[in-house]
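# Coordinates in review
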Amino acid sequence: MAGTMKTILLAFGMSILGAAQPAPVKQLKPDALRILIVTGGHPHQTTFYSVFEGYDDWMVMTDAQPAALAGSLQRYDVLVFYDLQEQIPEAARKNLKEFVESGKGVVSLHHAIVDFTDWPWWYQEVIGGKFYIKAEPGHPASAAKGNIQMHVRPKSNHPIVRGIPDLHVLDEPYRTMWVRPDVQVILETDNPLANRQVGWVSPYEKSRVVYIQLGHDRHTHLEPGYRSLIRNAVQWAGGRLK
Ligand SMILES: [Zn+2]
């Protein structure tokens, strides 16, 4: 049913008593970070959701566009965008603006860089980058190519990449994206099929905003270094990682 909120509470542990015993459900901590994963508009593999499983300090919910942003977002601490919507309705703009201006967290992943390209405030001020679906005056079209082996290096001493190793992933690099020159780059690559900036923290001051280009399919979703990276990114966006 469209608009149904599905709560994912997949914090199951392995039973030490064997497969016949049901695994106990871990109790969430009372101050668990409230995370909404926003999907819709782009197919994706369900391994994506496994990246967010197993933490007793995360309450993870998911909802698809356009319902995801149709109501107040104030009950969430972090929005994780994994949708692809070029246009955003007026009511959703208002809800999203209220959310980011109140100092919450935003993690934008992979194809969500195409989001809301009819709303310059979003991609210029908040996210700090844009994937050009088609060429526009002054900027060529961006390009994506799937199933490419990428070597991605952490850069800077930002807490999101603290302890993160070099990543060797089979992913889908984007190139000829526009990226704001004053973002703090936290991941980079020399791959000629990719923009050098693979991940960055936006200079937007009212909330914590990070974009990570990786995350095409299970090859990256199941990569331990990527999972640690996303854990850090969400924790930092939620104000839990300094
Ligand atoms: Zn992709």
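Note that this is a predicted model, so its numbers are computed, not measured.

### Some details on the coordination of the zinc ion
Within the protein, the zinc ion binds to His-110 (NE2), Glu-172 (OE) and His-216 (ND1); these donor distances fall in the range 2.0 to 2.1 Å. When the donor residues of the zinc ion are listed from N- to C-terminus, their spacing reads H-x61-E-x43-H. Note that His-110 is positioned in the loop between β5 (105-109) and α3 (120-127) and His-216 in the loop between β14 (208-212) and α4 (218-221), a separation of 106 residues in sequence. Owing to a relative accessible area of 24%, His-216 belongs among the partly exposed residues under this scheme.

### Concerning the environment of Leu-170
Tracing the chain through its elements places Leu-170 in strand β9 (residues 167-171). Put simply, Leu-170 and Ala-64 are 106 residues apart on the chain and 26 Å apart in space, counted from C-alpha to C-alpha.

### Quick notes on the pattern of salt bridges
If charged atoms from side chains of opposite charge come close, those side chains can pair. The final tally for this structure, using the stated rule, is 12 salt bridges. Between Arg-93 and Asp-118 there is a salt bridge whose closest N-O contact spans 3.2 Å. Placement of Arg-93 in helix α2 (residues 90-101) and of Asp-118 in the loop between β5 and α3 is noted, with a sequence separation of 25 residues between them. For Arg-93, a relative accessible area of 19% corresponds to the buried category. Exposure remark for Asp-118: the relative accessible area of 32% places this residue in the partly exposed category.

### Re the pairing of β9
Here β9 shows one buried face, formed by Leu-167, Val-169 and Asp-171, and one open face, formed by His-168 and Leu-170. In terms of strand pairing, strand β8 (residues 148-154) meets β9 through 5 bridges, oriented antiparallel. Considered in β9, the bridge of Ile-148 is made with Asp-171.

### Focus: the nonpolar core
Residues Phe-52, Val-80, Leu-109, Ile-212 and Val-234 are the most contacted members of the largest nonpolar core, which totals 37 residues. Tallying contributions element by element places helix α5 (residues 224-237) first for this core, with 7 residues. Leaving out residues up to four positions away in the same chain, Ile-212 has contacts with Ser-108, Leu-109, His-110, Leu-187, Val-198, Gly-199, Tyr-226, Leu-229, Ile-230 and Ala-233.

The rules we used
- Residues numbered from 1 in each chain as written.
- Predicted model: local features only at pLDDT ≥ 70, side-chain atom pairs only at ≥ 80, totals over all residues.
- Heavy atoms only, no water.
- Donors = N, O, S within 2.8 Å, 3.2 Å for Na, K, Ca; no water.
- Helix = DSSP H or I, 4+ residues; strand = E, 2+ residues; numbered from the N terminus.
- Buried < 20%, exposed > 50% of the residue type's maximum accessible area, 1.4 Å probe, protein only.
- Salt bridge = Lys/Arg side-chain N within 4 Å of Asp/Glu carboxyl O.
- Pairing = 2+ DSSP bridges.
- Core = buried A, V, L, I, M, F, W, Y, C linked by side-chain atoms within 4.5 Å.
- Contact = heavy atoms within 4.5 Å.

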